[in-house]
Amino acid sequence: MWSSCPFCTLQVLSTELQRHANNHFEDEDQDVRLANHNISVDNPMQAAASVSSEENIRRLQVRDANLKREVKHGFMTLLKNCLESESGNSINILSGYTDHFQSLKFEDVGWGCGWRNIQMLASHLLVQRQEAREVLFGGVGFVPDIPSLQRWLEIAWGKGFDAAGSNDFDQKIYGKRTWIGTTECAALFRSFGLRACIADFCFSNPPDDVVKPPQVIGPMDKYLNRSDASDPGSSSNAKCCPESVNGQQLLANWVWSYFSDNSRLSRSGCNQVVVTEKAPLYFQHDGHSRTIVGIQLKNLPNGMQQSNLLILDPAHKTQVLESCLSKKVGWQRFIKRGVHTLKKTEYQLCYVDPGIAAGPELEKLKTLDSSRFEFEHL
């Protein structure tokens, strides 16, 4: 089957269309190299090169093939319907519209989960936040494919966002099958003026008289400037809970606080689903990353309460998820993750606060930082 290239109108095999279209970026390598230097507004030639490079990427970027067939009613609507019809007694808080992006065989399986989570978060921002839609990816209004996102990350590094961390990649990531994490996610979104923030959760149980250093999760995490979570300057309204609660539950409580925005919600009666304006969370741990789109607090028959993270995983197939949610059968094993499943020693979350930064605030966002929550196992 043949298709026409949207850039040169050449007829190519449909299976090769995406690769062919991305090759058009190769003609722009000189512009990207120029943009990957520190640009000074006092140097008109360098400033012009940066604008030219961004315009070329904006013009040539490709919509991701994951969304060639949209889910009829949207994933979040299907999930909301499932939660409302579920047996038992619970309260559920969800983010708004979010698309699912799966890792594709022969394309990014084994290394692309970070990029897929960026796409999921971007799909929400483009639909739910008008100010974000106007600035993201040059205002094109769609979620680009991974090679296009790699180009945008190079542009972010060239502007000075996470400059120290970008050195580990030699400021080049386009075309590489390189694993990324929350820091790259934050740098990418911050370069468009979005207020992307990072929260660290570290669970440890060191022997007596031994203090173990925190495990590094992502390749760039060593460049984070970490601050105590109790710092009143933290971007998030979420607070820690009493120390008598184990660390994994504290992470779940943080997620609850984030989505509820500290609002008082009824926790009794039949199943309740609240859709908020909060963006999904990029959820990173050693070896994989996923997207948290909500949280459930379930009242158990014994009077106890159980927290379940509601997640979209790039490792799952979109068609399978849609089928399970549409039929309301078997969806829980894909979407729900109880606190008892959080077995890793470290987790990171990346979230995007409302509004667009400019001027001194935007300049400050070039240096990545995080709020750190560190707990010992009980």
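Residues numbered from 1 in each chain as written. Predicted model: local features only at pLDDT ≥ 70, side-chain atom pairs only at ≥ 80, totals over all residues. Heavy atoms only, no water.

(A) How the structure looks around unusual backbone geometry. Of note, Phe-137 is a non-glycine position whose phi angle comes to about 55°, a positive value. You can see Phe-137 is positioned in the loop between α6 (130-135) and α7 (146-158). Phe-137 sits in the buried class, given a relative accessible area of 0%. (Helix = DSSP H or I, 4+ residues; strand = E, 2+ residues; numbered from the N terminus. Buried < 20%, exposed > 50% of the residue type's maximum accessible area, 1.4 Å probe, protein only.)

(B) Representation of the packing of aromatic side chains. Across all of its chains, the model carries 11 aromatic pairs by this definition. Here Trp-157 and Phe-169 contribute two aromatic rings whose centre-to-centre distance is 5.3 Å and whose plane-to-plane angle is 20°, an arrangement assigned as stacked. With a gap of 12 residues between them, Trp-157 in helix α7 and Phe-169 in the loop between α8 (163-166) and α9 (182-190) connect regions that are remote in the sequence. With a relative accessible area of 3%, Trp-157 lands in the buried category. Using a relative accessible area of 7% as the deciding quantity, one classes Phe-169 as buried. Consider the rings of Phe-201 and Trp-254, whose centres lie 5.8 Å apart with planes at 85°: the pair is edge-to-face. Remark: Trp-254 occurs in helix α10 (residues 247-260) and Phe-201 occurs in strand β4 (residues 194-204); sequence separation between them is 53 residues. Each member of the pair, Phe-201 as well as Trp-254, is classed as buried. (Phe/Tyr/Trp six-rings, centres within 6.5 Å; stacked < 30°, edge-to-face > 60°.)

(C) Expanded view of the side chain of His-316. You can see His-316 is positioned in the loop between β9 (305-312) and α11 (318-327). Using a relative accessible area of 17% as the deciding quantity, one classes His-316 as buried. Not counting residues up to four positions away in its chain, the partners in contact with His-316 are His-100, Gln-102, Leu-321, Phe-334 and Arg-337. (Contact = heavy atoms within 4.5 Å.)

(D) Layout of α9. Burial runs high along α9: nine of the nine residues are buried. Buried residues of α9: Thr-182, Thr-183, Glu-184, Cys-185, Ala-186, Ala-187, Leu-188, Phe-189 and Arg-190, and no others.

(E) Structural detail: the pattern of salt bridges. Overall, the coordinates contain 14 salt bridges when judged by the stated rule. Residues Glu-54 and Lys-159 are paired through a salt bridge, measuring 3.1 Å at the closest nitrogen-oxygen approach. In this pair, Glu-54 sits in helix α3 (residues 44-60) while Lys-159 sits in the loop between α7 and α8, placing the two residues 105 residues apart along the sequence. A relative accessible area of 21% places Glu-54 in the partly exposed class. One salt bridge connects Arg-116 with Glu-107, and the closest N-O pair in it is separated by 3.3 Å. Residue classification places Arg-116 among the buried residues on the basis of a relative accessible area of 0%. Beyond isolated ion pairs, a larger network of salt bridges with shared partners links Asp-64, Glu-107, Asp-108 and Arg-116. (Salt bridge = Lys/Arg side-chain N within 4 Å of Asp/Glu carboxyl O.)

(F) The arrangement of the confidence of the model for the protein chain in detail. This prediction gives the protein chain a mean pLDDT of 80; 70% of its residues lie at or above 70. Within the model, pLDDT remains below 50 along residues 25-49, and this stretch shows 41 contacts once partners closer than five positions in the same chain are excluded. Here residues 206-221 scores under 50 on pLDDT; set against residues more than four positions off or in separate chains, the count is 33 contacts. (pLDDT = per-residue confidence, 0-100.)

(G) Up close: the pairing of strand β7 (residues 281-285). Taken across its five residues, β7 has five buried, putting it largely inside the fold. Where burial is concerned, the two faces of β7 agree: the one with Leu-281, Phe-283 and His-285 and the one with Tyr-282 and Gln-284 are both buried. One ladder, built from five bridges, connects β7 with strand β8 (residues 288-299); its direction is antiparallel. Within the sheet, the bridge partner assigned to Gln-284 lies in β8 and is Ser-289. (Pairing = 2+ DSSP bridges.)

(H) Local environment of the environment of Gln-296. Among the structural elements, Gln-296 can be located in strand β8. The spatial distance from the C-alpha of Gln-296 to the C-alpha of Gln-306 is 8.0 Å, given a sequence separation of 10 residues. Once residues lying within four places of it in the same chain are set aside, the contact partners of Gln-296 are Leu-83, Glu-86, Ser-90, Ile-91, Asn-92, Gln-306, Ser-307, Asn-308, Leu-310 and Lys-336.

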